[in-house]
Amino acid sequence: MDGGSGREKTDLSFREATETDVDQLLALVNAAYDREKQWKKGERTNREELLSYISSPTSCILVGYAQEADKGDAEGVSVDVTKEMVSSILLRIPNDACFFGMLSVWPHMQDRGIGKETLIYAERYVKEAKGCNAMECVVADFNSHLFPYYEKKGYTKVGEEPWQSDVLLVPALFCRYRKELN
């Protein structure tokens with residue numbers, strides 16, 4: 001169990017997204033960010049934006065897959081293993097600090113530790129594979145319920161700035177968070 005939520009913990013594997021993942025990734029991210037439609041116009045992302053991140057030499061999107069094995073035959077041998085994309089995280093690595101965003105988990109799979117496991121994997125990935133020494137993100141103040149989530153994971157609020165965009169339905173601030181990767 002995870003976090004006392006009463007839901008089963010999900011075993012995950014991760015890899016970098018490819019162009020063939022874009023349709024599933026688009027549905028996942030937009031579903032995860034659907035609640036923001038009360039504050040801003042439109043979807044969280046689009047196909048072109050995802051493709052640009054996937055093809056850029058300074059960014060990638062990690063996708064997390066849940067592995068579910070069939071019960072198996074009478075001898076207990078598993079006969080089928082399916083993988084379902086359940087999480088994703090955008091990583092932009094312009095220098096030794098990685099900016100992350102679009103941390104997404106299917107709404108029906110939240111509260112199982114999937115987001116936490118995805119973030120932990122991303123931190124280790126950028127430190128070991130990309131040589132980053134810090135992770136940063138911005139959280140809009142209308143998502144202030146996320147402030148304690150990141151603080152509990154070792155992120156410190158290091159600043160805020162007005163969010164200037166014509167997609168906003170209300171004024172908003174971006175709160176910048178940072179974690180040193182030791």
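All values derive from a computational prediction rather than experimental measurement.

### What about the overall build of the protein?
Stage number 1. Scanning the protein for helices and strands turns up four helices and seven strands.
Stage number 2. The N-to-C order of helical and strand elements in the protein reads β-α-α-β-β-β-α-β-α-β-β.
Stage number 3. Taken across its 182 residues, the protein has 42% of its residues classed as buried.
Stage number 4. Across the protein, the fraction of contacts at a sequence separation of at least 24, relative to all contacts at a separation of at least 6, is 66%.

### Looking at the environment of Ala-97
Stage number 1. Structurally, Ala-97 can be placed in strand β4 (residues 97-105).
Stage number 2. For the pair Ala-97 and Ala-134, spaced 37 residues apart in sequence, the C-alpha separation works out to 4.6 Å.
Stage number 3. Excluding anything up to four places from it in sequence, Ala-97 contacts Arg-92, Cys-132, Ala-134 and Arg-178.

### Remarks on helix α2 (residues 47-55)
Stage number 1. Looking at α2, one finds that the buried residues are Leu-50, Tyr-53 and Ile-54. What you see down the axis of α2 is that its buried residues fit within an arc of 100°, all on one side. Along α2, the residues that are exposed and aim more than 90 degrees away from the buried face are Glu-48 and Ser-55.
Stage number 2. N-cap assignment for α2: the residue whose side-chain oxygen lies 3.1 Å from the backbone N of Glu-48 is Asn-46.

### Focus on the environment of Ile-89
Stage number 1. On the secondary structure map, Ile-89 appears in strand β3 (residues 81-92).
Stage number 2. With 26 residues separating them along the chain, Ile-89 and Val-63 place their C-alpha atoms 6.7 Å apart.
Stage number 3. In contact with Ile-89, not counting residues within four places along its chain, are Cys-60, Ile-61, Leu-62, Phe-100, Gly-101, Met-102, Leu-103, Thr-118, Leu-119 and Ala-122.

### With respect to the confidence of the model for the protein
Stage number 1. On average, residues of the protein carry a pLDDT of 89, and 86% of them reach 70 or more.
Stage number 2. Across the protein, the secondary-structure element scoring lowest on mean pLDDT is strand β2 (residues 59-69), at 87, and the one scoring highest is α2, at 98.
Stage number 3. Taken together, the stretch residues 1-7 has pLDDT below 50 and engages in 13 contacts with residues farther than four places along the chain or on a different chain.

### Examining the nonpolar core
Stage number 1. By size, the foremost hydrophobic cluster in this structure holds 24 residues, and its most contacted members are Leu-25, Ile-61, Val-63, Val-86 and Met-102.
Stage number 2. Considering every element that reaches this core, the biggest residue donor is helix α1 (residues 22-32), with five residues.
Stage number 3. One finds Ala-122, Tyr-125, Tyr-150 and Tyr-155 within the second-largest nonpolar core, a separate group that totals 22 residues.

What counts and what doesn't
Note on numbering: residues in each chain are counted from 1, in written sequence order. Whole-chain, interface and lining totals are the exception, using all residues; otherwise, since this is a predicted model, local features are given only for residues with pLDDT of at least 70 and side-chain atom pairs are given and counted only at 80 or more. With hydrogens and water set aside, each side-chain value is computed from the structure's full complement of heavy atoms. Numbering goes from the N terminus for both helices and strands, where a helix is a DSSP run of H or I of at least four residues and a strand is a run of E of at least two. Only protein chains enter the accessibility calculation, which uses a 1.4 Å probe; a residue whose area is less than 20% of its type maximum is buried, one above 50% is exposed, and one in between is partly exposed. Should any heavy atoms of two residues lie within 4.5 Å, those residues are considered in contact. The arc in question is formed by the directions pointing from the helix axis toward the C-beta atoms. The term polar contact refers here to a pair of N or O atoms within 3.5 Å; inside protein, the definition further demands a hydrogen-donor-capable atom paired with an acceptor-capable atom, and it admits residues adjacent in sequence only when both atoms are side-chain atoms. Per-residue confidence from the predictor is given as pLDDT, running between 0 and 100. Take the buried residues of types Ala, Val, Leu, Ile, Met, Phe, Trp, Tyr and Cys, join any two whose side-chain atoms come within 4.5 Å, and each joined set is a nonpolar core.

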